[in-house]
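# Geometric and topological summary
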Amino acid sequence: MGKSMESIRSIEIKSILKQAISLGVVVSLALIIWKGLVCITGSESPVVVVLSGSMEPGFKRGDILFVHMNKDPIRAGEIVVFQVNERPISIVHRVIEVHGPQDNDEVDILTKGDRNDVDDRALYAHDQLWLHQHHIIGKAVGLVPYVGWMTIVMTEMPIVKYLLIGALVLLTITSKE
(Lines give C-alpha, C1' and ligand atoms only; values in the text may rest on other atoms or scores of the structure.)
Protein backbone atom coordinates (compact mmCIF):
# COMPACT_ATOMS: atom_id res chain seq x y z
CA MET A 1 0.00 0.00 0.00
CA GLY A 2 2.90 2.36 0.73
CA LYS A 3 4.38 2.00 -2.75
CA SER A 4 1.07 2.75 -4.47
CA MET A 5 0.62 5.98 -2.42
CA GLU A 6 4.15 7.07 -3.35
CA SER A 7 3.39 6.26 -6.97
CA ILE A 8 0.19 8.34 -6.89
CA ARG A 9 2.02 11.28 -5.25
CA SER A 10 4.78 11.03 -7.83
CA ILE A 11 2.20 11.17 -10.65
CA GLU A 12 0.48 14.17 -9.03
CA ILE A 13 3.78 16.05 -8.67
CA LYS A 14 4.68 15.31 -12.28
CA SER A 15 1.24 16.52 -13.40
CA ILE A 16 1.58 19.76 -11.40
CA LEU A 17 5.07 20.33 -12.80
CA LYS A 18 3.80 19.77 -16.36
CA GLN A 19 1.02 22.29 -15.82
CA ALA A 20 3.43 24.84 -14.32
CA ILE A 21 5.84 24.40 -17.22
CA SER A 22 3.00 24.72 -19.75
CA LEU A 23 1.81 27.93 -18.09
CA GLY A 24 5.38 29.25 -18.09
CA VAL A 25 5.74 28.48 -21.79
CA VAL A 26 2.48 30.28 -22.61
CA VAL A 27 3.46 33.36 -20.58
CA SER A 28 6.97 33.37 -22.08
CA LEU A 29 5.58 33.05 -25.61
CA ALA A 30 3.22 35.99 -25.01
CA LEU A 31 6.14 38.12 -23.76
CA ILE A 32 8.30 37.12 -26.73
CA ILE A 33 5.51 38.05 -29.17
CA TRP A 34 5.00 41.41 -27.41
CA LYS A 35 8.74 42.23 -27.43
CA GLY A 36 8.91 41.18 -31.09
CA LEU A 37 6.08 43.60 -31.92
CA VAL A 38 7.88 46.34 -30.00
CA CYS A 39 11.02 45.75 -32.09
CA ILE A 40 9.17 45.51 -35.40
CA THR A 41 6.93 48.56 -34.90
CA GLY A 42 9.46 50.78 -33.14
CA SER A 43 6.78 51.66 -30.59
CA GLU A 44 6.78 50.89 -26.88
CA SER A 45 3.03 50.18 -27.20
CA PRO A 46 2.45 48.47 -30.56
CA VAL A 47 -1.21 47.80 -29.77
CA VAL A 48 -3.60 50.17 -27.96
CA VAL A 49 -7.31 50.11 -27.17
CA VAL A 50 -9.47 53.16 -27.90
CA LEU A 51 -10.94 54.00 -24.49
CA SER A 52 -13.20 56.97 -25.30
CA GLY A 53 -15.49 58.17 -28.05
CA SER A 54 -13.42 61.27 -28.83
CA MET A 55 -12.34 59.92 -32.24
CA GLU A 56 -15.77 58.81 -33.48
CA PRO A 57 -16.90 58.07 -36.09
CA GLY A 58 -13.44 57.00 -37.31
CA PHE A 59 -12.46 55.02 -34.25
CA LYS A 60 -14.99 53.75 -31.76
CA ARG A 61 -14.60 52.84 -28.14
CA GLY A 62 -13.18 49.30 -27.91
CA ASP A 63 -11.36 49.35 -31.25
CA ILE A 64 -7.82 47.98 -31.16
CA LEU A 65 -5.25 50.11 -33.00
CA PHE A 66 -1.92 48.96 -34.32
CA VAL A 67 0.77 51.56 -33.75
CA HIS A 68 4.00 52.12 -35.64
CA MET A 69 6.77 54.62 -35.02
CA ASN A 70 9.38 55.52 -37.60
CA LYS A 71 11.68 58.42 -38.38
CA ASP A 72 9.23 60.11 -40.78
CA PRO A 73 8.13 63.54 -39.60
CA ILE A 74 4.71 63.84 -38.03
CA ARG A 75 2.25 65.70 -40.24
CA ALA A 76 -1.06 67.41 -39.67
CA GLY A 77 -3.94 64.99 -40.30
CA GLU A 78 -2.16 61.91 -38.98
CA ILE A 79 -3.58 60.03 -36.02
CA VAL A 80 -1.06 59.60 -33.24
CA VAL A 81 -0.95 57.88 -29.90
CA PHE A 82 0.66 60.05 -27.25
CA GLN A 83 1.27 60.12 -23.55
CA VAL A 84 1.90 63.12 -21.36
CA ASN A 85 3.79 63.00 -18.09
CA GLU A 86 0.85 63.48 -15.73
CA ARG A 87 -1.47 60.92 -17.35
CA PRO A 88 -1.06 57.16 -16.90
CA ILE A 89 -2.89 56.17 -20.11
CA SER A 90 -2.12 56.96 -23.71
CA ILE A 91 -4.43 59.09 -25.86
CA VAL A 92 -5.35 58.57 -29.53
CA HIS A 93 -6.05 61.84 -31.38
CA ARG A 94 -5.45 63.57 -34.70
CA VAL A 95 -2.59 66.03 -35.27
CA ILE A 96 -4.11 69.39 -36.24
CA GLU A 97 -0.98 71.58 -36.23
CA VAL A 98 2.74 71.04 -36.58
CA HIS A 99 5.23 73.87 -36.09
CA GLY A 100 8.94 73.55 -36.08
CA PRO A 101 11.67 72.92 -35.69
CA GLN A 102 12.19 75.44 -32.86
CA ASP A 103 15.43 76.54 -31.18
CA ASN A 104 16.03 73.09 -29.69
CA ASP A 105 15.16 71.28 -32.96
CA GLU A 106 11.87 70.14 -31.40
CA VAL A 107 8.73 70.18 -33.48
CA ASP A 108 5.61 71.56 -31.77
CA ILE A 109 2.57 69.31 -32.24
CA LEU A 110 -1.05 70.10 -31.40
CA THR A 111 -3.72 67.38 -31.34
CA LYS A 112 -7.50 67.16 -31.12
CA GLY A 113 -10.08 64.39 -30.96
CA ASP A 114 -12.23 64.34 -34.12
CA ARG A 115 -15.41 64.51 -32.05
CA ASN A 116 -14.11 67.20 -29.66
CA ASP A 117 -14.83 70.91 -30.11
CA VAL A 118 -11.46 72.15 -28.83
CA ASP A 119 -7.83 71.11 -29.08
CA ASP A 120 -6.11 68.90 -26.49
CA ARG A 121 -4.19 71.54 -24.56
CA ALA A 122 -6.37 70.86 -21.50
CA LEU A 123 -5.19 67.21 -21.64
CA TYR A 124 -1.49 68.07 -21.76
CA ALA A 125 0.65 68.52 -18.65
CA HIS A 126 0.18 71.69 -16.59
CA ASP A 127 1.25 74.77 -18.59
CA GLN A 128 2.13 72.63 -21.63
CA LEU A 129 0.90 74.08 -24.92
CA TRP A 130 2.44 71.60 -27.37
CA LEU A 131 3.43 67.97 -27.64
CA HIS A 132 6.94 67.06 -28.71
CA GLN A 133 8.40 63.97 -30.35
CA HIS A 134 9.15 62.28 -27.01
CA HIS A 135 5.43 62.38 -26.13
CA ILE A 136 4.45 60.48 -29.29
CA ILE A 137 4.26 56.69 -28.89
CA GLY A 138 3.44 56.10 -32.55
CA LYS A 139 1.10 56.59 -35.47
CA ALA A 140 -2.07 54.56 -35.92
CA VAL A 141 -1.60 52.26 -38.93
CA GLY A 142 -4.47 49.79 -38.63
CA LEU A 143 -7.39 48.71 -36.51
CA VAL A 144 -9.53 45.79 -35.47
CA PRO A 145 -13.01 47.00 -34.50
CA TYR A 146 -14.52 46.27 -31.06
CA VAL A 147 -12.02 43.57 -30.04
CA GLY A 148 -10.74 45.73 -27.18
CA TRP A 149 -14.04 45.79 -25.31
CA MET A 150 -12.84 43.13 -22.90
CA THR A 151 -10.01 45.47 -21.85
CA ILE A 152 -12.51 48.27 -21.22
CA VAL A 153 -14.79 45.99 -19.20
CA MET A 154 -11.87 44.74 -17.09
CA THR A 155 -10.68 48.31 -16.50
CA GLU A 156 -14.07 49.68 -15.55
CA MET A 157 -15.16 46.61 -13.55
CA PRO A 158 -12.09 45.05 -11.89
CA ILE A 159 -14.17 42.20 -10.46
CA VAL A 160 -14.50 40.83 -14.02
CA LYS A 161 -10.70 40.76 -14.31
CA TYR A 162 -10.35 38.83 -11.05
CA LEU A 163 -13.11 36.39 -12.01
CA LEU A 164 -11.46 35.78 -15.38
CA ILE A 165 -8.04 35.22 -13.80
CA GLY A 166 -9.59 32.89 -11.22
CA ALA A 167 -11.37 30.92 -13.95
CA LEU A 168 -8.13 30.56 -15.93
CA VAL A 169 -6.23 29.39 -12.85
CA LEU A 170 -9.00 26.92 -12.02
CA LEU A 171 -9.03 25.66 -15.61
CA THR A 172 -5.25 25.20 -15.53
CA ILE A 173 -5.36 23.33 -12.22
CA THR A 174 -8.18 21.01 -13.22
CA SER A 175 -7.11 20.27 -16.77
CA LYS A 176 -5.78 16.80 -17.43
CA GLU A 177 -3.26 17.73 -20.12
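It should be noted that the structure appears before, not after, this text.
A few points on the structure.

About the cut-offs
Residues numbered from 1 in each chain as written. Predicted model: local features only at pLDDT ≥ 70, side-chain atom pairs only at ≥ 80, totals over all residues. Heavy atoms only, no water. Helix = DSSP H or I, 4+ residues; strand = E, 2+ residues; numbered from the N terminus. Rg over C-alpha atoms; globule rule 2.2 N^0.38 Å. Buried < 20%, exposed > 50% of the residue type's maximum accessible area, 1.4 Å probe, protein only. Areas by Shrake-Rupley, 256 points an atom, 1.4 Å probe, with all protein chains shown as cover. Lys, Arg positive; Asp, Glu negative; His and termini not counted. Charge placed at Lys NZ, Arg CZ, Asp CG, Glu CD. Core = buried A, V, L, I, M, F, W, Y, C linked by side-chain atoms within 4.5 Å. Contact = heavy atoms within 4.5 Å. Phe/Tyr/Trp six-rings, centres within 6.5 Å; stacked < 30°, edge-to-face > 60°. Lys NZ or Arg CZ within 6 Å of the ring centre and 35° of its normal.

Another aspect to go through is the overall build of the chain. Helix and strand counts for the chain stand at 3 helices and 6 strands. Taken against the 2.2 N^0.38 rule, which gives 16 Å for 177 residues, the C-alpha radius of gyration of the chain at 23 Å runs more than 25% over that of a compact globule. Structurally, the chain occupies a C-alpha span of about 85 × 30 × 30 Å along its principal axes. Relative to its 177 residues, the chain shows a buried fraction of 25%. Carbon and sulfur atoms make up 65% of the accessible area of the chain, which amounts to about 11,900 Å² in all. In the chain, 17 side chains carry a positive charge and 20 a negative one; their mean positions are 13 Å apart.

The subject of this paragraph is the nonpolar core. Judged by nonpolar contacts, Met69, Ile74, Val80, Phe82, Val84, Ile91, Val95, Ile109, Leu110, Tyr124, Leu131 and Ile136 together constitute the single largest core of 12 residues. Elements that contribute at least two residues to this core include exactly β3 (79-82), β4 (91-99) and β5 (108-112). Excluding residues within four positions of it along the chain, isoleucine 74 makes contact with Val80, Val95, Val98, Ile109, Gln133, Ile136 and Lys139. Of all hydrophobic cores here, the second largest spans 10 residues; its members include Val50, Phe59, Ile79 and Val92.

Before going further, it helps to spend a moment on the packing of aromatic side chains. Given two aromatic rings, one states the distance between the centres and the angle between the planes to describe the pair. Across all of its chains, the model carries 1 aromatic pair by this definition. Arranged with centres 6.0 Å apart and planes meeting at 80°, the rings of phenylalanine 82 and tyrosine 124 form a pair that is edge-to-face. Taken together, the residues phenylalanine 82 in strand β3 and tyrosine 124 in the loop between β5 and β6 (136-144) connect sequence positions 42 residues apart. There is no split in this pair, since phenylalanine 82 and tyrosine 124 are both buried. Above the plane of the ring of tryptophan 130 lies arginine 121, whose end atom (NZ or CZ) is 4.6 Å from the centre.

Our next topic: the environment of methionine 55. Relative to the elements of secondary structure, methionine 55 occurs in the loop between β1 (47-49) and β2 (64-68). In this structure, the C-alpha to C-alpha distance between methionine 55 and isoleucine 79, residues 24 residues apart in sequence, is 9.5 Å. With residues up to four places along the chain from it excluded, the contact list for methionine 55 reads Ile79, Val92, His93, Arg94, Lys112, Gly113 and Asp114.

Most peptide bonds take the trans form, and the phi angle of most residues other than glycine is negative. Between glutamate 56 and the following residue, proline 57, the backbone shows a cis peptide bond with an omega angle of 10°. Even without being a glycine, aspartate 127 presents a positive backbone phi close to 65°. The residue aspartate 127 is located in the loop between β5 and β6 in this model. A residue is classified by how much of its surface remains accessible, and aspartate 127, at 67% relative accessible area, is exposed. With a phi close to 65°, tyrosine 146 is a non-glycine residue in the positive phi region. Summarising the element assignment, tyrosine 146 is placed in the loop between β6 and α2 (149-156). A residue is classified by how much of its surface remains accessible, and tyrosine 146, at 46% relative accessible area, is partly exposed.

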